[in-house]
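Residue-level listing of the chains:
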Amino acid sequence: MDLNYTDSERAFRDELRAWIENNIPSDWQGRNSAGESMEENFAYLRAWQKRVHQGGWAGVSWPREYGGRGATLIEQVIFTEEMAHAAAPPLANVLGLTLIGPTIIAHGTEEQKQRFLSRILSAEEIWCQGFSEPNAGSDLASLSTEARLEEGHFVVNGHKVWTSFGWAADWCELVARTDASAAKHRGLTVLLVDMRSPGVEVRPLRQMTGESEFNELFFHDVRVPAENVLGAVNDGWNVALGTLMHERATLGAGLHVLYKRQFDRLVDLAQTIRRHGEPVSRDPVIRQKLGQIYAEIEIMRLNQIRSISRVSQNGTPGPEGSLQKLFWSELNQRFQQVAQEVLGPFGQVEKGSEFAFDDGQWAYSYLRARGNTIEAGTSEVQRNIIGHFVLGLPRSY
Amino acid sequence: MQFGLTETQQMLKHEARRFFPSECPIAEVRRLMETDGAYDAALWRKLTEHGWTGILFDEASGGMGLGLVEMAVAAEEMGRALLPGPYFSTVFVAGALLNALPDGRGALKGICEGRSRATLALLEESACWETGDVGMSLRNGRLNGTKLLVPDAATADLILCVARSRTGQPTCQDRTGGQAELVIAQVCSGAPGVSIRRMPSIDRTRQLYSVTFDDVPAEVLARGDEAQAALDRAMDIATVALVAEMVGGMQRIMELSVEYAKTRKQFGKPIGQFQSVQHQCADMLLLTESSRSAAYYAAYALNEGTADARMAVSVAKAYASEAYREVGNRGIQVHGGMGFTWENDIHLYYRRAKASEIAFGDAAFHRERIARTVVDGRAAQEAAVGSSRSM
Ligand SMILES: Cc1cc2nc3c(=O)[nH]c(=O)nc-3n(C[C@H](O)[C@H](O)[C@H](O)COP(=O)(O)OP(=O)(O)OC[C@H]3O[C@@H](n4cnc5c(N)ncnc54)[C@H](O)[C@@H]3O)c2cc1C
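Residues numbered from 1 in each chain as written. Chains lettered and ligands numbered in written order. Predicted model: local features only at pLDDT ≥ 70, side-chain atom pairs only at ≥ 80, totals over all residues. Heavy atoms only, no water.

Turning our eyes to something else, we now look at the nonpolar core. Grouped together as the largest cluster of nonpolar side chains are 207 residues, with contacts concentrated most on Trp-52, Tyr-87 and Phe-92 of chain B. Contacts of Tyr-87 of chain B, omitting those with residues within four sequence positions, involve Trp-44, Leu-47, Trp-52, Thr-53, Ile-55, Met-78 and Phe-92 of chain B. (Core = buried A, V, L, I, M, F, W, Y, C linked by side-chain atoms within 4.5 Å. Buried < 20%, exposed > 50% of the residue type's maximum accessible area, 1.4 Å probe, protein only. Contact = heavy atoms within 4.5 Å.)

Printed below as a string of structure tokens:
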């Protein structure tokens, strides 16, 4: 057990730090979004990713031959942590970088890799993940979007929901049914779909936070060239599962740094907000709750280092990623509730009022946290995975 | 960076996992917990022969001089086997304290060689884990007063007593503790004037006592800041050892419950197939693994003397205190009526969980300690240069 960075890990970090210091946009600091509209903000993030790419830091974990940096898992963690420490803007093409790119690297043909990977890194092409459907969420394998092979093309018809970044995407990793007669896991195929193809319709879907971060996608006789099949035809479940494993393993990476920064900010506020004649930070009940949240954020960090150490010894991310996913998503909900208790009645005031704390960020985060235990697999599904695949209990369904 | 056990640590773990349940199987735990002191001379001899009594202490004192991560590895397996009796108070508490005192080394040899057992007498009526409340008085080299909730006092040869040294005639201000200097004094448990009475409590595998000192001669081992620093160090080490033990206990409850969920059938299927049971098991794993991360990090941080070491100890104890109890709650529930029987072993762990939750400060105590640093300390920290990077 040695929690110090090795010389090469330290060198990696120092080089990255130096780069960040020279390149981080000064107009982002202290903000959560650039510009008034979602589109304006996205354009900003896209430009930022381009800069990160030019600096050679996009897709750190990807192999060098595909434009990545070939970083170890620990270095990837260093990357996310350093970016978070510096309060750098997020990267626009997050799904492409963390989920879809790695899936193409694992299952794609050489032509596909050449065609898609570098444009993911440079944010030239933005990706979305077309998995969930109105009648297939947790039970993803029961999806009914169909793709029929006709003269070298798959013709796609169907309806996807909750598609994050659908409105911004150029490409979509789509799971569709290619063999309706096979068992439900056996007849699926992953297609790489150009979002500008005729017959693709993107509709905004408003979330409980009021924004429309995600979309509904409709496919009407959309023609997808057969060479855009990722992996083998009817082997889509395997391919999609790889994406889901990456999702569970990486979505939480570095998140503890963001939580910790939010926590520190909350503590600062707790020292200035007065209740019953003294700062809330003196209230013994609040102190208990803050102490607990701090402990849990720290444990989230430690769990992550431990699981990354294990993965770097044993290979690919496994079902243990579900433990991480459960921990961070449920912790954030407890954290946001404690934040509301610290802030008191003004905690509910949203963006736009001068009475809002931090321009309404806390009111937003409180609502947004509810999505955490649903996206990337619900908490119930994560517990099923742990029960069955980790503890070896019989499948419940 | 590598957060996992080294090969030698793995070997130690395997050895400990084999040793404790085979030398002290649960039937033996049950037999011993019905005896006064839960102590067995033959078991103690084996613990000594295999070097367990000396794991923390350097070779000059007759020990093996292992690090604190190794200590955590061993303690985890002891907790999994529910090792009863005075080992913990002798080695991880009193031993750690003697080891932290320049004048304490002499007594360590007897501990390493299995000749003596020791305990720390800290709590009094206020039952506070900080020394501010200590009122027991040492005057002209003699102790007077009562210590409460002293673990394993009946089998200890040596009692390390935290007291306040006073000079001159007794006055009514004595009770406040106030100005008098903190001391750690060493007493032979057999000395005239020492009386030890059992305080029956939830965890019968480690028994608690009241110890009254009536004009008992004592040898002062440390005073003032030196005494406080040694106590702080010893309490940190003991707390980490305890949390590691708690992880072992959680692990065992989880193993028993998952096994039971796979074999017990109702409505024609294993109960582990019902999601409400399955999800209890998943939560047990989450609580256990999270406590394990915290325990090992705290051991590592203390061993390396990192700046956040004391915080790491509090984080671990705050979390594990509730986690062990929660794992126990779920374990009993998964076992149904069987889980409520004396015959089933889970209640033995559940009892240990309560005693461990209380020892060295419960979750609320450690959360307040965290708050003192991260809430009150934040203003000061802000002024300091740079952000608080984690490593
Ligand atoms: C913010 C956000 C972003 C998202 N982004 C994307 C995206 O980019 N691409 C994409 O494809 N999808 C996305 N999703 C969709 C997400 O993956 C699904 O919402 C999720 O998998 C749950 O599916 P569902 O909504 O159909 O709920 P359902 O599956 O209908 O679940 C409803 C309830 O039933 C429970 N349940 C279902 N099955 C079981 C079972 N076997 N055992 C126990 N309980 C069960 C669930 O846990 C839940 O509580 C996003 C969701 C959110 C909230």
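We are not done yet, so read on.
Residues and elements named next belong to chain B. Interhelical geometry of helix 8 (residues 275-304) versus helix 9 (residues 309-334) gives an angle of 155° and a closest axis separation of 8 Å. Classified by the angle their axes make, helix 8 and helix 9 are roughly antiparallel. Helix-helix and strand crossings are classified by hand; for helix 8 and helix 9 the assignment is left-handed. Among the residues making up the contact of helix 8 with helix 9, the classes are represented as 19 nonpolar, five polar and three charged. (Axes fitted to C-alpha atoms, helices over the stretch in contact; angles between N-to-C directions. Helix = DSSP H or I, 4+ residues; strand = E, 2+ residues; numbered from the N terminus. Parallel < 35°, antiparallel > 145°, perpendicular 65-115°, else oblique. Left-handed = near helix turned anticlockwise from the far one by under 90°. Nonpolar A, V, L, I, M, F, W, Y, C, P; charged D, E, K, R; others polar.)

All right, on to the pattern of salt bridges then. Counted according to the given criterion, the structure contains 60 salt bridges over all chains. Among the salt bridges present, the one from Asp-170 of chain A reaches Arg-196 of chain A, with a minimum N-O distance of 2.7 Å. Taken as a pair, Asp-170 of chain A in the loop between strand 3 (153-164) and strand 4 (171-177) and Arg-196 of chain A in the loop between strand 5 (188-194) and strand 6 (200-205) lie far apart in primary sequence, 26 residues in all. The class for Arg-196 of chain A is exposed, based on a relative accessible area of 60%. The shortest N-O distance in the salt bridge between Glu-113 of chain B and Arg-115 of chain B comes to 2.6 Å. Here Glu-113 of chain B falls in the partly exposed class, since its relative accessible area comes to 40%. (Salt bridge = Lys/Arg side-chain N within 4 Å of Asp/Glu carboxyl O.)

Of the residues in chain B, 94% have a pLDDT of 70 or more, and the chain-wide mean is 94. Here the predicted complex scores 0.94 on pTM and 0.93 on ipTM. (pLDDT = per-residue confidence, 0-100.)

The end-to-end C-alpha distance of helix 4 (residues 68-81) of chain B is 20 Å, a good match for the 20 Å that 14 residues give at a rise of 1.5 Å each. Two residues or fewer after helix 4 of chain B comes Leu-82 of chain B, characterised by a positive phi angle close to 60°. (Expected span 1.5 Å × (residues − 1).)

A few words now on the interface of chain B and chain A. Tallying the contact residues gives 50 residues for chain B and 55 residues for chain A. Summed over both sides, the interface of chain B with chain A buries roughly 5,000 Å², with 59% coming from carbon and sulfur. One can count seven salt bridges joining chain B with chain A. Ionic pairing is found between Arg-287 of chain A and Asp-376 of chain B, a salt bridge with its closest N-O pair at 2.8 Å. Summed over the shared surface of chain B and chain A, the number is 28 residue pairs in polar contact (both at pLDDT 80 or more). Those elements that provide at least two residues to the side of chain B that touches chain A are helix 7 (224-263), helix 8, helix 9 and helix 11 (363-383) of chain B. The dominant element in the side of chain B that touches chain A, judged by the number of residues it contributes, is helix 8 of chain B, at 16 residues. (Buried area = accessible area lost by both parts, 1.4 Å probe. Polar contact = N/O pair within 3.5 Å; in protein donor to acceptor, adjacent residues only side chain to side chain.)

Quick look at the pairing of strand 1 (residues 118-121) of chain B now. Strand residues, when the strand is regular, have side chains that alternate between the two faces of the sheet. All names here are of chain B. Both faces of strand 1 are covered, namely the face carrying Ala-118 and Leu-120 and the face carrying Thr-119 and Ala-121. Across four bridges, strand 1 lies against strand 4 (residues 158-166) in parallel orientation. Residue pairing for strand 4: Leu-120 is matched across the bridge by Leu-160. (Pairing = 2+ DSSP bridges.)

Residues and elements named next belong to chain B. Within the fold, Gln-207 resides in the loop between strand 6 (194-199) and strand 7 (208-217). We classify Gln-207 as buried; its relative accessible area is 1%. From its side chain, Gln-207 meets the backbone oxygen of Thr-35 in a polar contact 3.0 Å long. Not counting chain neighbours up to four residues away, the residues in contact with Gln-207 comprise Met-33, Thr-35, Asp-36, Gly-37, Ala-38, Val-150, Pro-151, Asp-152 and Arg-198.

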